[in-house]
Amino acid sequence: MAKEMLKGNVAIAEAAVRAGLQAYFGYPITPQTELLEHLSKRMVELGRVFLQAESEVAAINMVYGAACTGVRVMTSSSSPGISLMQEGLSYIAGSDIPTVLIDVMRGGPGLGNILPSQGDYFQVTRSAGHGDYHPIVLAPASVQEAIDFTVLAFDLAEYYRHIVIVAADGQIGQMMEPAELPEMRPVNEKRPEWALTGAIDRDPNIITSIYLEGHEMEAYNLKVQAKLKEVKKSEARWVEHWTEDMDLLVVGYGTAGRIAYSAVEEARERGMKVGLLRPQTLWPFPEKRLSELTDEIEAVLVVEMNAGQMLEDVRLAVSGQIPVGFYGRMGGVVPMPDEILDAIDTHYKRLAIRLRDKERV
Amino acid sequence: MSTTVCVPNMEVVYERPIALADVHTHYCPGCTHGTAHRLLAEALDELHMQDRAILVASVGCSVFSYKYFNVDSCEAAHGRAPAMATGIKRVNPDNIVVTYQGDGDLASIGIAEAIHAATRGDNITIVFINNAIYGMTGGQMAPTSLPGQRTNSSPLGRDVRSAGYPMRVSELLSQLDGTAYIVRRSLHDAKNVRKAKKALLTALKVQEAGLGFSMVEMLSSCPTNWGMNPQEALQWVEDSMLPYYPIGDYKVIDAVRELM
Ligand SMILES: Cc1ncc(C[n+]2csc(CCOP(=O)(O)OP(=O)(O)O)c2C)c(N)n1
Ligand code: SF4
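Procedures and definitions
- Residues numbered from 1 in each chain as written.
- Chains lettered and ligands numbered in written order.
- Predicted model: local features only at pLDDT ≥ 70, side-chain atom pairs only at ≥ 80, totals over all residues.
- Heavy atoms only, no water.
- Near = heavy atom within 4 Å.
- Polar contact = N/O pair within 3.5 Å; in protein donor to acceptor, adjacent residues only side chain to side chain.
- Areas by Shrake-Rupley, 256 points an atom, 1.4 Å probe, with all protein chains shown as cover.
- Helix = DSSP H or I, 4+ residues; strand = E, 2+ residues; numbered from the N terminus.
- Core = buried A, V, L, I, M, F, W, Y, C linked by side-chain atoms within 4.5 Å.
- Buried < 20%, exposed > 50% of the residue type's maximum accessible area, 1.4 Å probe, protein only.
- Domains from an automatic or database assignment.
- Contact = heavy atoms within 4.5 Å.
- Buried area = accessible area lost by both parts, 1.4 Å probe.
- Salt bridge = Lys/Arg side-chain N within 4 Å of Asp/Glu carboxyl O.
- Nonpolar A, V, L, I, M, F, W, Y, C, P; charged D, E, K, R; others polar.
- Phe/Tyr/Trp six-rings, centres within 6.5 Å; stacked < 30°, edge-to-face > 60°.
- Lys NZ or Arg CZ within 6 Å of the ring centre and 35° of its normal.
- Pairing = 2+ DSSP bridges.
- Axes fitted to C-alpha atoms, helices over the stretch in contact; angles between N-to-C directions.

Residues and elements named next belong to chain B. Near ligand 1, the surroundings consist of 16 residues, among which Cys 61, Asp 103, Gly 104, Asp 105 and Gly 135 are the closest. Separating an oxygen atom of ligand 1 from a backbone N or O atom of Gly 104 is a distance of 2.8 Å. Contacts to ligand 1 include Asn 131, whose side-chain N or O atom sits 3.1 Å from an oxygen atom. Against a free-state accessible area of 590 Å², the protein chains account for coverage of 76% of ligand 1. For the shell around ligand 1, the element with the most residues is helix 4 (residues 103–109), which contributes 4 residues.

Structure representation (structure tokens):
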């Protein structure tokens, strides 16, 4: 398929359709509304299910219901709506049901604004509802990645019977750039054996997240943890640039990672030995790779569009071995390449002084 | 454990419905949740829906109802059963989708989901158990608790000046155009139990015919949290609940009458 000019939100919606989406339930919220609008047209055109729910609370529970029947189903929202979906997400996670969720993140807290942000990092990687689990979280840095990750999200969700969140910041949702959509995949009409379809010639299937006995609930949790361990081992994704020979590593994802790329490129041109690690999965975080790289570098600079959320994962991976700096903008402010370059410059100079002092000792 | 004891030359007059699982329930003695379960199972049997039904259990004393029916089931979050049912029914229109909800679940935390499923005319059936109290959490005030009713969170009796008035859910939902069949029945005596069963049969037929949203509200007893013996509790349904919650057909669209 040829490349075409596509807006992020529309591209995600169309990618989901082509990945065989059978049902969508959602509630309008900027900056993701075009996604819902596109599906309101396309899903109906294709004879598939589209429903505008009365709230995000209802939307995620409709998704839960539909997902229990084993179809490909998804919802989308932006930060305040994701907050409302937390309850439903926890129930979905507690019953091993595959579900895809798109979060086009905006500035917060509170009603905040409709500008791009990465303020949901904690909300999607850590606290997506009560209980012990992490959803799989994919963070696209371009419209093309948004498309690819949406398709991937369905495959991962079904493979692991787990929640997969595509966490795109508002910039990715709103911008237009050339990208290539996948071929239309046929809808999978076959339902998995655990699905609720009516107990015809078999025992009833039951989907629940309640285990009253402590040891049963713990046994379930252990099963979830084993699954997540497998996810951690196999699904961490990231891209690297200029990491073969560097003193300072910049870590950033999504739009912040993309802007950091320009800044790092410029820093390289100015002779600084800087590299970039751009996580594509926020959970699992590419901690193993980062800790390997830690042995080869002198410092890390984290760049985010929040107050420093992934920063905590970077610190865990680096484990206190080298200094970790941070540059972030909040409230929907997108950093300019120059600002990041200045931050790189500052950290690089600090590093040079430290290295010189080390040599003197 | 076997369902029927076969004695030669004797007619079987009472059997466990196929749709009712052969297990002990956890309901208190004298609780009419059990009666409602039996009625729903009988109705599913009579309409040959056991292998097509999908039950959405809710949060309340009936939280384990998914164990008590021989049908595909799931367990919704508190109040969200109608949304879950909508999700199921939209992708599986050929299944018979039933939610089973208490009054705290439906009329309080889940009223938005219930109203919107009703107004959309979602082709689902709600079995609504109104016992005027939060049973599972130990007897707190429900949106349906009567004025002056003493509960563990209204120890001096429900004071309508502060707690507001009880909600008549059937009347409320019947105002919505998407609804096809909304009735209130009671489980306090044999005659009314039979009528409740008939209403369930109609509601399920409404869904099968694709006529829209159906709900059967059943006035139900909670002897444990009302602090009464089972007999007193049934009497309380009759004496105290019935006047506030009249039995009646609140919405029966013409197409439904043809099914009855
Ligand atoms: C989000 C949430 N809030 C509160 C509860 C606690 N809770 C469990 S059941 C219940 C009330 C149930 O009452 P009702 O629906 O009337 O059913 P009954 O037990 O009387 O049959 C409450 C408040 C919960 N499980 N989840
Ligand atoms: S607490 Fe009340 S509603 Fe719950 S099972 Fe016991 S009698 Fe029934």
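Now that the structure has been shown, the text picks up again.
Residues A:Phe25, A:Leu39 and A:Met74 are the most contacted members of the largest nonpolar core, which totals 126 residues. Domain assignment of the residues forming this core places at least three in each of domain 1 (4–234) and domain 2 (239–360) of chain A. Once residues lying within four places of it in the same chain are set aside, the contact partners of A:Leu39 are A:Ala13, A:Val17, A:Leu21, A:Tyr24, A:Val44, A:Phe50 and A:Met74. In this structure, B:Leu40, B:Ala57, B:Ile96 and B:Val256 belong to the second largest nonpolar core, which totals 42 residues.

Once that is clear, we can look at the interface of chain A and chain B. Of the residues lining the interface, 33 residues belong to chain A; the matching set on chain B comes to 31 residues. Together chain A and chain B conceal approximately 2500 Å² of surface at their shared face, both sides included; 63% is due to carbon and sulfur atoms. Considering only the side of chain A, the residues that lose the most area to chain B are A:Glu54, A:Leu196 and A:Ile210, jointly responsible for 19% of the buried surface there. Taken together, the connections running from chain A to chain B amount to 3 salt bridges.

On to the site of ligand 2, then. All names here are of chain B. Taken together, the neighbourhood of ligand 2 is formed by Tyr 27, Cys 28, Cys 31, His 33, Cys 61, Asn 131, Cys 222, Pro 223, Thr 224 and Asn 225. Element by element, the count of residues in the shell around ligand 2 is highest for helix 9 (residues 223–226), at 3 residues. Considered class by class, the residues forming the shell around ligand 2 number 6 nonpolar, 4 polar and no charged.

Here we come to the packing of aromatic side chains. Evaluation of the coordinates by the stated rule reveals 9 aromatic pairs over all chains. Ring centres of A:Tyr211 and A:Tyr220 lie 5.2 Å apart, and the angle between their planes is 20 degrees; on these two criteria the pair is classed as stacked. Classification of A:Tyr220 as buried rests on a relative accessible area of 7%. In this structure, B:Lys67 is placed above the aromatic ring of B:Phe64, and the distance from its NZ or CZ to the ring centre is 4.2 Å. Sitting over the face of the ring of B:Tyr244, B:Arg168 holds its NZ or CZ atom 3.9 Å from the ring centroid.

Before going further, it helps to spend a moment on the domain arrangement of chain A. Residues and elements named next belong to chain A. Along its sequence, chain A is organised into domain 1 (4–234) and domain 2 (239–360). A C-alpha centroid distance of 30 Å is found between domain 1 and domain 2. Counting residues at the interface gives 31 residues for domain 1, matched by 26 residues for domain 2. Note on domain 1 versus domain 2: buried area summed over both sides is about 2400 Å², and carbon and sulfur give 54% of it. Counting every contact that joins domain 1 to domain 2 gives 4 salt bridges. Between Glu 177 and Arg 258 there is a salt bridge whose closest N-O contact spans 2.7 Å. The tally of links from domain 1 across to domain 2 stands at 18 residue pairs in polar contact (both at pLDDT 80 or more). Listing elements by their share of the side of domain 1 that touches domain 2, those giving two or more residues are helix 5 (121–125), strand 6 (136–138), helix 6 (143–160), helix 7 (170–174) and helix 8 (214–235). Here the residues of the side of domain 1 that touches domain 2 sort into 16 nonpolar, 9 polar and 6 charged.

To continue, consider the pattern of salt bridges. Any two side chains of opposite charge can pair, given that their charged atoms come close. All names here are of chain A. Taken as a whole and assessed by the stated rule, the structure comprises 36 salt bridges over all chains. For the salt bridge of Arg 126 with Asp 313, the shortest nitrogen-to-oxygen distance reads 2.5 Å. Taken as a pair, Arg 126 in the loop between helix 5 and strand 6 and Asp 313 in helix 11 (residues 310–318) lie far apart in primary sequence, 187 residues in all. Connected through shared salt-bridge partners, Glu 14, Arg 18, Arg 42 and Glu 45 make up one network.

This part covers the sheet that holds strand 13 (residues 281–283) of chain A. All names here are of chain A. As summarised here, the arrangement of the 7 strands in space is 3-2-4-5-7-6-13, forming an open sheet in which the pairing is mixed. A strand with exactly one partner marks an edge of an open sheet, and here the two such strands are strand 3 (49–52) and strand 13. For this sheet the average axis-to-axis angle between neighbouring strands, irrespective of direction, equals 20 degrees. Of the strand pairs in this sheet, strand 5 (residues 99–105) and strand 7 (residues 163–169) are connected by 7 bridges, and their pairing is parallel. Each residue of the ladder has a partner; that of Leu 101, found in strand 7, is Ile 165.

All names here are of chain B. On the secondary structure map, His 37 appears in helix 1 (residues 33–46). According to the relative accessible area criterion, His 37 is buried, its value standing at 2%. In terms of polar contacts, His 37 uses its side chain to reach the side chain of Tyr 100, at 3.2 Å. Ignoring anything within four residues of it in the chain, the contact list for His 37 reads Leu 20, Tyr 27, Ser 65, Tyr 68, Phe 69 and Tyr 100.

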